[in-house]
Amino acid sequence: MQRFDAAGAGLVPGQAVQVQVTGHEPWGVMALISGHEGIGASIDAAMIDSPSGSSRALPHEYPGVGSEVNAVVQEVSRYSPPVWVRLTMRSEDLACFQRRCDFCGTLTVLSPGGDGVVMDVRSADGPGSTAIVSHRECLATQLHPHSLEPSRVRSVGRKR
């Protein structure tokens, strides 16, 4: 069985990426993520800072087609094909990307050094996956007391 959801496995919410703007749309921009050129990506106008102070960037404020810009992975959609990545270029997200914890509902920091983790949920029954966002501690405390995983959850990705 071919699993389409393997594409983009190296991308996680909160990860900083370099992108090239490939097109303008009324709702935002299309982009290619460096190192992941085979995956579709976009940035909604609401995820681009507006120098004019608008709540969403106006079309003339979009970065130019062909320009390379910094972005942060907001979401990797692999539930059904095609795999698609939503990005953000908002300065506040570039500095500190946050999402709500799927366990407690409060914000967790997914940027490097933050207290958040992303758990990929997959099944051997077939392709498709979804991501669970969590504070490290929320996930660790939800695991069975005899599980060996809480210490790994608390340390995964941390420098040793």
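Check the entry above for the structure.
In this report, the structure presented in the accompanying data block is examined. Bear in mind that the values here come from a model prediction, so they are computed numbers and not experimental data.

### Here we look at the side chain of Gln74
Here comes step 1: Residue position: Gln74 is located in strand β4 (residues 68-77).
Here comes step 2: Classification of Gln74 by relative accessible area gives buried; the value is 14%.
Here comes step 3: Excluding residues that lie within four positions of it along the chain, Gln74 makes contacts with Pro13, Met47, Arg86, Leu87, Thr88, Phe97 and Arg99.

### With respect to the pattern of salt bridges
Here comes step 1: Under the defined criterion, the tally for this structure stands at 8 salt bridges.
Here comes step 2: Between Arg78 and Asp120 there is a salt bridge, with the nearest N and O atoms lying 2.6 Å from each other. With a gap of 42 residues between them, Arg78 in the loop between β4 and β5 (84-88) and Asp120 in strand β8 (residues 116-123) connect regions that are remote in the sequence.
Here comes step 3: Judged by its relative accessible area of 5%, Arg78 falls in the buried class.
Here comes step 4: The shortest N-O distance in the salt bridge between Arg152 and Glu149 comes to 2.8 Å. Residue Arg152 and its partner Glu149 are located together in helix α3 (residues 149-155), separated by 3 residues, close to a single helical turn.
Here comes step 5: Look at Arg152 and you get partly exposed, because its relative accessible area is 47%.
Here comes step 6: Overlapping salt bridges bring together Arg78, Asp120 and Arg122 as one network.

What counts and how
- Residues numbered from 1 in each chain as written.
- Predicted model: local features only at pLDDT ≥ 70, side-chain atom pairs only at ≥ 80, totals over all residues.
- Heavy atoms only, no water.
- Helix = DSSP H or I, 4+ residues; strand = E, 2+ residues; numbered from the N terminus.
- Buried < 20%, exposed > 50% of the residue type's maximum accessible area, 1.4 Å probe, protein only.
- Contact = heavy atoms within 4.5 Å.
- Salt bridge = Lys/Arg side-chain N within 4 Å of Asp/Glu carboxyl O.

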